[in-house]
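Inside the fold
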Amino acid sequence: MILQSLAGLPAFLVYFCTGLIAIVAYLFVYTRITAHNEFQLIRDNEPAAAIALGLSLLGFVAPLVSAIAHSANVLDCLIWAIIALIVQIIVFFLVRVPVPNLSGRIAAGELAPAIWLGLSSLAAGLLNAACMIY
């Protein structure tokens, strides 16, 4: 019975590691595109940066979860992960339109712009995830 339960372990490990790699890639790319240094700001105990980055990460992970659940194979999953990353980058540039100097304001510790960016990223990610049911 235990061996039967563990039969799916190889597939689990492949998709779990694929998801982790996609998350690391997302964080690497996303933090290079923004004008503020999220990880340094988080190390400096800046809540605004943590809120914005954390919610954007959730906005990426939601469609990643959908891609893992619905993909035909790992390559298909990675393609949809790249699409999710692109959506998050587009959202970052779009939310800057009504909030001038978004990165500077987040770096200065302003919470409202950070919450705006984070929740916009999460909303786009949830919409993205819903659209990945194919």
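Below you will find a few notes about this structure. (Residues numbered from 1 in each chain as written. Predicted model: local features only at pLDDT ≥ 70, side-chain atom pairs only at ≥ 80, totals over all residues. Heavy atoms only, no water.)

1. So, the nonpolar core
Where we set the bar: In these notes, a set of buried Ala, Val, Leu, Ile, Met, Phe, Trp, Tyr and Cys residues joined through side-chain atoms within 4.5 Å is what counts as a nonpolar core. Think of it in three bands: with a 1.4 Å probe and only protein chains considered, a residue is buried below 20% of the maximum accessible area for its type, exposed above 50%, and partly exposed in between. Numbering goes from the N terminus for both helices and strands, where a helix is a DSSP run of H or I of at least four residues and a strand is a run of E of at least two. Throughout, a residue-residue contact means that at least one pair of heavy atoms, one from each residue, lies within 4.5 Å.
Residues Tyr26, Tyr30, Phe60, Leu64, Leu102, Ile106 and Leu117 are the most contacted members of the largest nonpolar core, which totals 28 residues. Of the residues forming this core, the biggest block, eight residues, is contributed by helix H5 (residues 74–95). Dropping the residues within four chain positions of it, Leu102 is found in contact with Phe92, Val95, Arg96, Pro113 and Leu117.

2. Things to note about the side chain of Glu38
Put simply, the rule reads: Charge convention: Lys and Arg are scored as positive, Asp and Glu as negative, and His as well as the terminal groups of each chain are ignored. Any carboxyl oxygen of Asp or Glu that lies within 4 Å of a side-chain nitrogen of Lys or Arg is treated as forming a salt bridge with it.
Within the secondary structure, Glu38 is located in helix H3 (residues 38–43). No salt bridge is formed by the buried Glu38; the nearest opposite charge belongs to Arg32, separated by 7.2 Å.

3. Focus: the packing of aromatic side chains
As a reminder of what qualifies: Note on aromatic contacts: the rings of Phe and Tyr and the six-membered ring of Trp form a pair at centre separations within 6.5 Å, being stacked when their planes are under 30 degrees apart, edge-to-face when over 60 apart, and tilted otherwise.
Within this structure, the stated rule accounts for five aromatic pairs. Plain terms: the ring middles of Phe12 and Phe16 are 5.5 Å apart, the flat faces sit at 25° to each other, and that makes the pair stacked. Note that Phe12 and Phe16 are positioned in helix H2 (residues 9–33) at a spacing of four residues, about one turn of the helix. The class of Phe12 is partly exposed, set by a relative accessible area of 45%. Each ring, one from Tyr26 and one from Phe60, has its centre 4.4 Å from the other, and the planes form 5°; the classification is stacked. Here Phe60 lies in helix H4 (residues 47–70) and Tyr26 lies in helix H2, a separation of 34 residues in the sequence. Phe60 shares its class with Tyr26; the two are buried. Among the aromatic residues, those joined into a cluster by ring pairs are Tyr26, Tyr30, Phe60, Phe92 and Phe93.

4. What about unusual backbone geometry?
Even without being a glycine, Asn45 presents a positive backbone phi close to 65°. Locating Asn45 in the fold gives a position in the loop between H3 and H4. Owing to a relative accessible area of 65%, Asn45 belongs among the exposed residues under this scheme. Backbone geometry at Asn101 places phi at a positive 55°, although glycine is not the residue there. Secondary-structure assignment places Asn101 in the loop between H5 and helix H6 (102–107). With relative accessibility at 55%, the residue Asn101 sits in the exposed group.

5. What to know about the pattern of salt bridges
In this structure the tally under the stated criterion is one salt bridge. Of the charged contacts, one joins Arg105 and Glu110 as a salt bridge, the two residues approaching to 2.7 Å between their closest N and O atoms. The class of Arg105 is partly exposed, set by a relative accessible area of 28%.

6. Focus on a nonpolar patch on the surface
Note the following rule: To count toward a patch, a residue needs a relative accessible area over 30% and no salt bridge; like charges are then connected within 9 Å, while nonpolar side chains (Val, Leu, Ile, Met, Phe, Trp, Tyr) are connected within 5 Å. Per-residue and other accessible areas were derived by the Shrake-Rupley procedure at a 1.4 Å probe size, with only the shown protein chains allowed to occlude residues.
A contiguous nonpolar surface patch, about 670 Å² in accessible area, is contributed by Ile2, Leu6, Leu9, Phe12, Leu13, Phe16 and Leu20. Of all the elements, H2 adds the most residues to the nonpolar patch, at five residues. Here Ile2 shows up in helix H1 (residues 2–5).

7. Focus on the environment of Leu119
Topologically, Leu119 is positioned in helix H7 (residues 111–131). Taking the C-alpha atoms as reference, Leu119 lies 15 Å from Pro63; in sequence the two are 56 residues apart.

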